Amino acid sequence: MTQLETPLQYDNGYDQDEYMMQEDEWDRDLLLDPAWEKQQRKTFTAWCNSHLRKAGTQIENIEEDFRNGLKLMLLLEVISGERLPKPDRGKMRFHKIANVNKALEFITSKGVKLVSIGAEEIVDGNVKMTLGMIWTIILRFAIQDISVEETSAKEGLLLWCQRKTAPYRNVNVQNFHVSWKDGLAFCALIHRHRPDLIDYTKLNKDDPLGNLNLAFDIAEKHLDIPKMLDAEDIVNTPKPDERAIMTYVSCFYHAFAGAEQAETAANRICKVLGVNQENEKLMEEYERLASELLEWIRRTTPWLENRTPEKTMAEMQRKLEDFRDYRRLHKPPKVQEKCQLEISFNTLQTKLRISNRPAFMPSEGKMVSDIASAWQGLEQAEKGYEEWLLTEIRRLERLDHLAEKFRQKATSHESWASGKELILTNKDYESASLTELRAMLRKHEAFESDLAAHQDRVEQIAAIAQELNELDYHDVAAVNQRCQSICDLWDQLGTLTQKRREALERTEKLLETVDQLFLEYAKRSAPFNNWMEGAMEDLQDMFIVHTIEEVQTLIAAHDQFKATLPEADAERQAILGIQNEVHKISQSYGVRADLTNLYSSITIEEISTKWDKVKKLVPQRDGSLQEELARQHANERLRRQFAAQANLIGPWIQTRMEEIGRCSLEMRGTLEDQMTQLKQVEHVIVTYKPNIDKLEGDHQLIQESLIFDNKHTNYTMEHIRVGWELLLTTIARTINEIETQILTRDAKGISQEQMHEFRSSFNHFDRKDRGKLRPDEFKACLISLGHVGNDKQGEVEFARIMMLVDPNATGLVSFQSFIDFMTRETADTDTAEQVVASFRILAADKPYILMEELRRELPPDQAEYCIMRMPPYAGPGAVAGALDYTAFSTALYGESDL
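Residues numbered from 1 in each chain as written. Predicted model: local features only at pLDDT ≥ 70, side-chain atom pairs only at ≥ 80, totals over all residues. Heavy atoms only, no water.

(A) Main features of the overall build of the protein. Looking only at helices and strands, the protein has 31 helices and 4 strands in total. Restricting to contacts in the protein with at least 6 residues of sequence separation, those with at least 24 account for 72%. Counting every atom, the protein has about 50,500 Å² of accessible surface; 52% of that belongs to carbon and sulfur. (Helix = DSSP H or I, 4+ residues; strand = E, 2+ residues; numbered from the N terminus. Contact = heavy atoms within 4.5 Å. Areas by Shrake-Rupley, 256 points an atom, 1.4 Å probe, with all protein chains shown as cover.)

(B) How the structure looks around unusual backbone geometry. In the Ramachandran plot, N170 falls in the positive-phi region, its phi being about 65° despite a non-glycine side chain. Along the polypeptide, N170 turns up in the loop between α8 (153–165) and α9 (184–193). Although it is not a glycine, D845 sits at a positive phi angle of roughly 65°. Counting through the fold element by element, D845 comes out in the loop between α28 (832–842) and α29 (851–857). Take D845: its relative accessible area is 63%, and that puts it in the exposed class. (Buried < 20%, exposed > 50% of the residue type's maximum accessible area, 1.4 Å probe, protein only.)

(C) Molecular detail of the nonpolar core. Membership of the largest hydrophobic core comes to 80 residues, with the highest contact counts inside it found for W47, I137, W180 and F186. No other element matches helix α7 (residues 127–143), which puts 12 residues into this core. Among residues more than four places away in sequence, those in contact with I137 are W47, L72, L76, I79, I107 and A142. (Core = buried A, V, L, I, M, F, W, Y, C linked by side-chain atoms within 4.5 Å.)

(D) Layout of the confidence of the model for the protein. With 89% of its residues at a pLDDT of at least 70, the protein reaches an overall mean of 80. Here residues 1–32 is a poorly scored stretch, pLDDT under 50, and it has 60 contacts once near neighbours within four places are set aside; other chains count. (pLDDT = per-residue confidence, 0-100.)

(E) Summary view of the side chain of R572. Structurally, R572 can be placed in helix α19 (residues 565–589). For R572, a relative accessible area of 14% gives the class buried.

(F) Spatial organisation of helix α16 (residues 434–470). Relative to the 54 Å expected for 37 residues at 1.5 Å per residue, α16 spans 54 Å between its end C-alpha atoms, a close match to the ideal helical length. Along α16, the helix axis deviates most sharply at H454, where the bend reaches about 25°. (Expected span 1.5 Å × (residues − 1). Bend = angle between axes of the 7 residues up to and from the residue.)

(G) Structural detail: the packing of aromatic side chains. As enumerated under the stated definition, the model contains 25 aromatic pairs in all. Relative to F216, the ring of F186 lies with its centre 5.6 Å away and its plane at 65°, an arrangement referred to as edge-to-face. In this pair, F186 is assigned in helix α9 and F216 in helix α10 (residues 208–222), connecting sequence segments 30 residues apart. (Phe/Tyr/Trp six-rings, centres within 6.5 Å; stacked < 30°, edge-to-face > 60°.)

(H) Layout of helix α25 (residues 775–785). Looking at α25, one finds that the buried residues are E777, F778, K779, C781, L782 and L785. Where α25 terminates, the next one or two residues include G786, which has phi positive at roughly 80°.

(I) The arrangement of the packing of α25 against helix α26 (residues 792–805) in detail. Two numbers describe how α25 lies on α26: the axes approach to 11 Å, and their chain directions differ by 115°. Considering how the two elements wind past one another, α25 and α26 form a crossing that is right-handed. Residue-level contacts link P775, F778, K779 and L782 of α25 to E795, F798, I801, M802 and V805 of α26. Its residues placed into classes, the contact of α25 with α26 shows 7 nonpolar, no polar and 2 charged. (Axes fitted to C-alpha atoms, helices over the stretch in contact; angles between N-to-C directions. Left-handed = near helix turned anticlockwise from the far one by under 90°. Nonpolar A, V, L, I, M, F, W, Y, C, P; charged D, E, K, R; others polar.)

(J) Region of the structure containing the side chain of E287. The residue E287 is located in helix α12 (residues 242–305) in this model. Excluding anything up to four places from it in sequence, E287 contacts F360, P362, S363 and K366.

(K) Structural detail: the environment of E448. Structurally, the position occupied by E448 is in helix α16. Put simply, E448 and Q498 are 50 residues apart on the chain and 9.1 Å apart in space, counted from C-alpha to C-alpha. Once residues within four sequence positions are removed from consideration, E448 is found in contact with T497 and R501. Only 3.1 Å separates the side chain of E448 from the side chain of R501, close enough to count as a polar contact. (Polar contact = N/O pair within 3.5 Å; in protein donor to acceptor, adjacent residues only side chain to side chain.)

(L) Highlighting the packing of helix α2 (residues 34–52) against helix α4 (residues 70–80). Viewed as axis vectors pointing N to C, α2 and α4 meet at an angle of 65°, and their least axial separation amounts to 9 Å. Between α2 and α4, the interaxial angle falls into the category roughly perpendicular. In this structure, α2 crosses over α4, and the sense of that crossing is left-handed. Only K71, L74, L75, V78 and I79 of α4 make contact with α2, whose side of the interface consists of W47, C48, H51 and L52. (Parallel < 35°, antiparallel > 145°, perpendicular 65-115°, else oblique.)

(M) Region of the structure containing the pattern of salt bridges. Enumeration according to the criterion identifies 50 salt bridges in this entry. Of the charged contacts, one joins R639 and E636 as a salt bridge, the two residues approaching to 3.3 Å between their closest N and O atoms. Taken together, the residues R639 and E636, both in helix α20 (residues 604–665) and 3 residues apart, mark about one turn of the helix. Comparing R639 with E636 shows no difference in burial state: the two are buried. Put simply, R640 and E636 hold a salt bridge, and the shortest N to O gap is 3.5 Å. In this pair, R640 and E636 are both assigned in helix α20, 4 residues apart and thus about one turn of the helix distant. What emerges from the salt-bridge pattern is a single network uniting R442, E445, E448, R501 and E505. (Salt bridge = Lys/Arg side-chain N within 4 Å of Asp/Glu carboxyl O.)

(N) How the structure looks around the environment of Q677. With respect to the helices and strands, Q677 occurs in helix α21 (residues 671–687). Along the primary structure Q677 and C663 are separated by 14 residues, whereas in three dimensions their C-alpha atoms are 7.7 Å apart.

This is the structure in structure tokens:
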């Protein structure tokens, strides 16, 4: 199949007026090119012969054979289809001129303007004028009539070529010269209209001669287009002659235009026949659907007219279901068919009217009006059938309703009466308790009320049975039999109800006496049982005491409890007497009921068991209390022993803490003297440790004995531990502070008097002896020492100092932080520049120093320290082993990256 490309936009470079102007004005210089003249001579000759052969003649030499005007006039008659004036038959020059002028006048009469073309030049055999005249004829009769989308002549022909060849690869028709050199455009035109003649996919753009000859040969052989061009001339000419190409291409247009007209005519015939066939099909379809619908109406109408009633409701319901199926399932499709039939009829008539065909006349009895009339009859029968069905169903429904109502009421009453006779004859009251008997009486009273209420229902059942008898119900015998059974049972229930009431009332009086005794038993046994349970709980209660007094209180309460035991035993004997009385009544009157005391769940056996347990627990409680009293005496001894030691150790720790505080606050003697005094205190504290260990042992005994309080001392072991640990921490921290002060003093060159001054100022503002200053106290201290002013600038300076001494923003300044700040502010400290200057002296003013110089001038360990950390010197004048003391010195003070 043809390989397609993207359609292109075409522009031949001319507008309509410009082109006509060019064609009207003969360009005499155009034929100066011999190649073009050769192409035009051959092409025009072939074109003329393609028409002259219709008249049985032809020309050999275009400039010679037209000189007498005879063949020229014949050519015009053939291509125009009109008769020209009779030619002059003479052979004189003026005869020839006259014939040529007749031809030229005919051309002019067709609206062609001849410029610079005269009869004398044609008679004289002027090639240039002859070719120009033939080109004018070709334009007028072969090209001018070409019209494509409101463009004509050359533009129309070019647009036609562009449209036809647009889908083909390697084809881009922009003109009538170089666009045709490779032959693909000619092949594309042929393939577009006759794809059976050329396999376009096998063509090669690089074979123009093959492509051109293929196109020319196929056009001559299959399309009856003479070979007007030479492939070699077109390929070898840089710009083929436009007029020759246009002349040849116009032959393709006329050849294919005729084929397209034939195809259009065939399509028109097919369309007309297709419309006619479709109309006939619609007519046949209408006839078929109309016949089927009328047949269905004919079958259905008698069924709807049948009014034979059924005897039972079920059979009438089946008829109704059949009718519903008809309305729901069978009729809707037929309604749709009827509607579609009318639509098809109207559509068919419309199509016939539009296509100028006569109106469709259906077969007799199948007109739309005939179908509508039959359908109306169906609707009428359907409406009457539905009314009859509903009336008959309502009639049977009334009878079925009464029968169903009788069955429901009878079933309900029989269900209610079922088992009632058995209940009324039951002698369950003989073995019932008083409570159960009273419940039976209440239940029997409720049954009597229910029985009275059912009287109305029995009367309703009888009334319905009477009505069914009057309406002659088909199953009335079964209704009467059932109604009689209900009435007989009703009379029997009334008699049994009265007998049961009398028996229940007699038994009630007998059991009331027993009930009074049970009630008295319950009133006395419950409190006594509660007393015994409380006594058992108290006797078995786990007591927790911590003092001797608490144990003695428990012993006294137990003695009081033992004094109440004789009175409790008397109450127990009375309760047993009540139960014996109930037993005597049961034996005397032969009561068969289960004489269970419903007022109390406490049995005689339970009371006896609990009383025996109370008597057993009393001596056990005595022994437990005596054991606990002995244990509390032992605990008291442990409390006194611990308190005696704790009351000594606690004050001793407090005294040592105060002594350490005085040493740190007072400024007596030098720092070394204070250090000596603190070391002595530390020794005393260490030697006191065995007393703490002994107290820990006593505390362990107290814990093992579960002693949790001690009224003999305010000190707990936790207090002693915390105080002892605080004492150890305080002495260690105080010694460390003095050591730090000594180190700071020696390192920073602070005199003893300055240290005393710093301590004195700090202690003066530390009014609460916390060892720390708040920000306001610290600021007052700095003002007293003259380090900040009491103005705005002083505020800024104080803020800077607070960031140094309290970097974590705790709001407190320790004495050590205060000393560190004061030494930085007052001491004479070393700088990186001073250290560099010192190294330069050792290095004899060199910018580097050698390892042997360091070992010679410094102690061994410090010399090795410098050698290990000094980087190699890489500056001017460096020698092997040179070390950079400048970088090393700045790194010591954090001024470099080493």
